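Chain and residue survey
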Amino acid sequence: IEKIFTLGTINQISAAPNQWKSWLTMYFAYKIAKGELVFNKFSTKRMGVLIVNEEDPIRTPKLRSTLLSKGEIEDIPIYFYNEKGFQLTKEKVNFLIEKMKKLKIGLIILDSLSVIHQANENSASEMNEVFKMIKRFLKEGFTVIFTNHLRKKPIIKGQVDNGQEQTRGSTVINAVPAGHITCEPFEVGNDKF
């Protein structure tokens, strides 16, 4: 996505739970699969998308997809890999890489990082191993977007952290991504955005 995420990189979308991360990834997937502008402004490179979602039941992403397409049946290259117990292991990553090559997929979305590994997310060395697995997608020419949750408390009590500094876990999680956006709700009058 022009000026947001670069081809062949690892990228992060972070927010507190239930703050539209999965909706945003579905919206991005839909626009990328169709080669349409994101937010009516940023161009995309059209490509197939694989969404690995271990947080939601399969009906949830399918419902989101139907709502984004306004109920129209469209033949666009978005593939779902839900509730399969996916973990970032050599065998599972190899399996997905082969599927992605076969289906001519260019982007993989991992929703969410915390449920697809067994590492201690506060350990830099363990999270380095997690990102070694994710980087295997890059070596094959794919682009990666993952979602991540925020910490529950700010670093300094009583202060609000920068959104990108609020991601939970090791600093490795913020060091690796080339692109990182956060979702933060705000209100204008009675409307929530």
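The notes below deal with the structure included here. (Residues numbered from 1 in each chain as written. Predicted model: local features only at pLDDT ≥ 70, side-chain atom pairs only at ≥ 80, totals over all residues. Heavy atoms only, no water.)

1. Some details on the sheet that holds strand β2 (residues 48-53)
Read across the sheet, six strands follow the order β3-β2-β4-β5-β1-β6 without closing on themselves; strand pairing throughout is parallel. The open sheet has two edge strands with one neighbour each: β3 (78-82) and β6 (179-182). Between one strand axis and the next, the sheet turns by 15° as a mean value, whatever way the strands run. (Pairing = 2+ DSSP bridges. Helix = DSSP H or I, 4+ residues; strand = E, 2+ residues; numbered from the N terminus. Axes fitted to C-alpha atoms, helices over the stretch in contact; angles between N-to-C directions.)

2. A closer look at the pattern of salt bridges
When charged atoms on two side chains of opposite charge get close, those side chains can pair. Going through the model one piece at a time under the given rule, you end up with five salt bridges. The closest approach of N and O atoms between D56 and R64, which form a salt bridge, is 3.3 Å. The pair formed by D56 and R64 is uniform in burial state, with each residue classed as buried. The salt bridge involving K101 is made with E140; its shortest N-O contact spans 2.9 Å. Separated by 39 residues along the polypeptide, K101 in helix α3 (residues 90-103) and E140 in the loop between α4 (124-139) and β5 (143-149) bring together distant segments of the chain. (Salt bridge = Lys/Arg side-chain N within 4 Å of Asp/Glu carboxyl O. Buried < 20%, exposed > 50% of the residue type's maximum accessible area, 1.4 Å probe, protein only.)

3. Details of a nonpolar patch on the surface
On the surface, F186, V188 and F193 cluster together into a nonpolar patch covering about 330 Å² of accessible area. With respect to the helices and strands, the residue V188 is situated in strand β7 (residues 187-188). (Patch = residues over 30% accessible without salt bridge, like charges linked within 9 Å, V, L, I, M, F, W, Y side chains within 5 Å. Areas by Shrake-Rupley, 256 points an atom, 1.4 Å probe, with all protein chains shown as cover.)

4. A few points about the nonpolar core
Counting residues in each nonpolar core, the largest one holds 26 residues, and the members touching the most others are F86, L88, I108, L110, F131, I134 and F137. For this core, the element with the most residues is α4, which contributes six residues. If sequence neighbours within four positions are ignored, F86 has contacts with V52, E54, Y81, K92, V93, L96, L110, V115 and I116. Residues L24, Y30, V38 and L107 belong to the second largest nonpolar core, which totals 24 residues. (Core = buried A, V, L, I, M, F, W, Y, C linked by side-chain atoms within 4.5 Å. Contact = heavy atoms within 4.5 Å.)

Purely geometric numbers; function is a separate question.
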